[in-house]
Amino acid sequence: MNENEIKTKLQQTLTQEFGFKDFKPGQAETLTSLVEGHSTLAILPTGTGKSLCYQLYGKFTHQRVLIISPLISLMQDQVEQMKYSGISQVVALTSKLTGQERDFVLHNLANYQFIFASPEILQNELIFSQIRRLQIGLLVVDEAHCIAKWGPDFRPDYLILGKIRQLLGQPLTLALTATATPDVEMAIKKQLRFEDDSQVIRYSIDRPNIFLNVEEVESETAKNDRLLELVTTIQGPGLIYFSSKKKADEIVEFLSRKTSLRVAAYHADLNLEDRFSIQHQFIENQLDVICATSAFGMGVNKKDIRYVIHYHLPADLESYVQEIGRAGRDGQQSIAILLYVPGDESLQYTMQIDSAPQKNEIDYYYHHPELLKDLQDENHQFLKAFINTKISLPRLESFFTKHRQDKSAALNQMIAYIHTDQCKRQFILDAFKEDRTVQHNEKCCQSGPVDVALLGLEKQEQAEPRSTIKMQNYRQVLAELFAQEK
Amino acid sequence: MTDWHLLHFFDQQQPRKVTVLRQILTNKRTGSTLFWGLRYHYLDYLNAVPRLDVKKFDDAIDGLIAQNWLHSSAQGLQLTSHGQEVLATKQTPYSFAEHPELNQKFDYQLWQAILLLMIQVASEYRYHNSNYYVANQNLKAQFLIKSWLQVNSFETLAAEVSKCLEQFLDQCDPAKADLFTAKLVGHPQNGLSDGQIASQLGICPREVSWTWRDLAFQFAAFVQARSNLKISQLVQVAALPGALTPTIQQTAMLFNAGKTVDQIIQIRRLRRSTIEEHLQVLAIFRPDFPYEKILRESDLKTLAKVYAGTEIDQWRYAELQQQGVEMPFLKFRLYAIMKTHGEINE
């Protein structure tokens, strides 16, 4: 097939299988590159449907797709999403599966067309040996920027992906990320052992429909008051990010008490059933505001989020860009607001100190790696993953020293973003080494209190009162569930 | 568990070892654990929290002691009068399960998934909708329901599930029935979270979770008792053998058929300690256990004499040896179990 024929057939598949009329920026180029047989690194901004690239590839070629992803909650959300879209032959292989479930999946592995797996699960010999038996049409590395050793998002498990690719017979590979500087781009291609004819599809990380705002307030009380004012004056729905579950819960209680908004928390303390309920309530406009921690916010798949507010500043600019990217995926005007009290960064500094293992701890676990087996917190898992790569102790210690410095530098960059007087959008593009000059205007960015009316985002009067979420009489619920007369 | 709820497991008169509680909650079924579980009236809570966070549990107990709601001594923990007041004040109808013993009868993780999926599939069927976000990702549950639907119809599922739920909930406390249905997912509804329900009822989210779990188990038992229903097959896959596991039942069969302990050891080729433990477990869970097959009249007289006037909790096997009595541990323990059942029946 020539390029035009490929594009025509891809367009047909998009319409027939996914019901979309047009591709989003970068999707067609990525798919064409893959169909032509080139391993591809696609650097596409948040909200541009990166996952559709591999889903459509699978549907187009009828080949098996193995997707490696670092976040279990994200994988679970994507599996749910794909099943809803009618793709039933999809499964996530993660450490969350019970022994029974894992045995069932491994026994039926050949029946799945789309297999999600975490890097750590692929290090399980039994599981990997089963996967090696399969014909993999496309290997996908999601969040590929996690490969960059100096990056704050670095995951040591991602270092083995090159070897995994090799052991799988160097399948056609798609690496996906929303953020990658030229250095990170090189690191990804090198680690994954991309061939010379591999391609890079790069689109700007900029999301012009998201107004960027930073507002400094005096104190936490002032922050809460300002938050209250914002959520009652900006058109929703909205997502508020927190660095702690406890604060997310506190603010839910605060906003529920002070407003008539329908607010809920969304974080790791929720069981799976509650996560399902809250996410779908939000998607179906039964909730106005979600207060989330970052990993869970990323799983919220709602196109018309009008505002994202950061109550706590994130650890780095990369996370910030990913998180505000939840807003305005419908292309409509949206706003990202970061509320900052001088000193807020101390929370992140403390988290960094707590998270980085010290030299004596590294030394101890290096010589007693078996003791890491039952320690499930992220820091120890990080250390364990690193020790598994058979790195030498001096190199391990040196890495953690450098990692601490990199994280500190990344946080400093985030703080510089907060304080900069220059165009915020330009700051971000410069930070990601995008060679572009922003045409700054009144819909671009601002520091200080913003007039949302100028953006057309003032809260509209509801034509009908919104229904609050209330328990009903059980007979009523049963009648509705089973379409019976009440 | 929320801290003060743990006070429910303690008594003002009887000191209780907290390790027993921990082991009962996590389904550790050694003869010793089950014996002390019987003494402390914990047996209904076997397997109630299989994935207990031990550190949080221990910290919670320490907290209760620090607040003087529990008193700690070498014999164990006792509820203080202050603790009793706290329990009485804070308790709500949602604080404790009505049928905790059902934790032993069904695999909750699997049953919960089957139940939610069953209801969702039935609901979506009634609305002629096949395109929906699946409420539960448990692969085994999804497979079981798909397999069941290959043999039975969607209409049978919908008819039986809706009717059973109605009949079951009609006999429940109406407020709890409302709580139960609030978490169901189906065509027109996404369910409410524990937090959302808790804030409407003025209780804590944990109590919502426990109440729902308790009702889910009761519904399982309700359906299981109606074996003519096709959906009872879906309950059966989540059924557990209970405290009397297949291996214990085998020992029981031989014992009831008149075989001695030595004969059972030979037939089953198991260690003496294993068979003796089986018999202890049998005696604990079967109040009609035939003690006379092991305890002769002379044994009963000797044991009555050695332990006269002492609380069962204070009995020590070493006392027999100190008094020059040669008697296997099994007899000592069976005697204690028999007397405990006698106390319970008084």
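This write-up is about the structure you can find in this document. These numbers were taken from a predicted model, which means no experiment stands behind them. (Residues numbered from 1 in each chain as written. Chains lettered and ligands numbered in written order. Predicted model: local features only at pLDDT ≥ 70, side-chain atom pairs only at ≥ 80, totals over all residues. Heavy atoms only, no water.)

### Observations concerning the overall build of chain A
Inclusion rule: Think of it this way: any DSSP run of H or I at least four residues long counts as a helix, any run of E at least two long counts as a strand, and we number them from the N terminus. With the radius of gyration taken over C-alpha atoms, the globule rule is written as 2.2 Å times the number of residues to the power 0.38. Each residue's exposure class comes from its accessible area (1.4 Å probe, protein chains only) as a fraction of the maximum for that residue type: buried when under 20%, exposed when over 50%, partly exposed otherwise. Between two residues, a contact is recorded if the distance between any of their heavy atoms is within 4.5 Å. Reported accessibility uses the Shrake-Rupley method at a 1.4 Å probe radius. Residues are deemed covered only where the shown protein chains occlude them. Note on charges: Lys and Arg go in the positive column, Asp and Glu in the negative column, and His and the chain ends are not counted at all. The location of each charge is read from NZ of Lys, CZ of Arg, CG of Asp or CD of Glu.
Each helix and strand in chain A was counted, giving 19 helices and 14 strands. In terms of overall size, chain A behaves like a compact globule, its C-alpha atoms giving a radius of gyration of 23 Å where 486 residues would be expected to give roughly 23 Å. Across the 486 residues that make up chain A, the buried fraction comes to 57%. Across chain A, every contact between residues at least 6 apart in sequence was considered, and the portion connecting residues at least 24 apart equals 75%. Accessible surface for chain A amounts to roughly 21400 Å². Of this, 48% is attributable to carbon and sulfur atoms. Computing the positive centroid from 53 side-chain charges and the negative centroid from 63, chain A places the two 4 Å apart.

### Notes on the environment of S243(A)
Residue and element names in this part refer to chain A. Quick reminder of the rule: Side-chain atoms alone can form a polar contact between residues adjacent in sequence; in general such a contact is a pair of N or O atoms within 3.5 Å, and within protein one must be able to donate a hydrogen while the other accepts it.
Looking at the secondary structure, you find S243 in the loop between β9 (238-242) and α10 (245-258). In sequence terms S243 and S294 are 51 residues apart; their C-alpha atoms lie 7.2 Å from each other. If near-sequence neighbours (up to four positions away) are discounted, S243 is found in contact with H312, L313, L347, Q348 and M351. Side chain to side chain, S243 and Q348 meet in a polar contact 3.4 Å long.

### A word on the packing of aromatic side chains
Cut-off, in case you're wondering: Paired rings are identified among Phe, Tyr and Trp, the last through its six-membered ring, by centres lying within 6.5 Å, and are further divided according to the angle between planes into stacked (under 30 degrees), edge-to-face (over 60) and tilted (the rest). When the NZ atom of lysine or the CZ atom of arginine is within 6 Å of a ring's centre and also within 35 degrees of its normal, the charge is said to sit over that ring.
Applying the stated criterion to the full structure yields 31 aromatic pairs over all chains. Between F399(A) and F400(A), the aromatic rings sit 5.3 Å apart at their centres with planes inclined by 80°, giving edge-to-face as the arrangement. Where F106(B) meets F217(B), the ring centres are 6.3 Å apart and the plane angle is 25°; that geometry is what we call stacked. Taken together, the residues span a long stretch of sequence, with F106(B) in the loop between α4 (81-90) and α5 (108-126) and F217(B) in helix α10 (residues 205-224) at a distance of 111 residues. For the pair formed by F106(B) and F217(B), the shared burial category is buried. Grouping aromatic residues by their ring pairs yields a cluster made of F9(B), F35(B), W36(B), Y40(B), Y42(B) and Y45(B). Here the basic side chain of K223(A) rests over the ring of Y311(A), its NZ or CZ set 4.4 Å away from the ring centre. Sitting over the face of the ring of F222(B), R226(B) holds its NZ or CZ atom 3.6 Å from the ring centroid.

### Considering helix α5 (residues 99-107) of chain A
All names here are of chain A. Quick reminder of the rule: In this description, the arc belongs to the directions extending from the helix axis to the C-beta atoms.
Of all the positions in α5, only E101, V105 and L106 are classed as buried. For α5, the buried positions fall inside an angular range of 130° around the axis, keeping them on one side. Exposed residues pointing more than 90 degrees away from the buried face of α5 are listed as D103 and H107.

### Structural notes on the pattern of salt bridges
Which entries qualify depends on this criterion: Criterion for a salt bridge: a side-chain nitrogen of Lys or Arg within 4 Å of a carboxyl oxygen of Asp or Glu.
Evaluation of the coordinates by the stated rule reveals 32 salt bridges over all chains. Salt-bridge contacts for D274(A) lead to K183(B); the nearest nitrogen and oxygen are separated by 2.7 Å. Placement of D274(A) in helix α11 (residues 272-283) and of K183(B) in the loop between α8 (174-182) and α9 (194-201) is noted, with the two residues assigned to different chains. D274(A) gets classed as buried once you look at its relative accessible area, which sits at 5%. Here the residues in one salt-bridge network are D206(A), R425(A) and R436(A), joined through shared partners.

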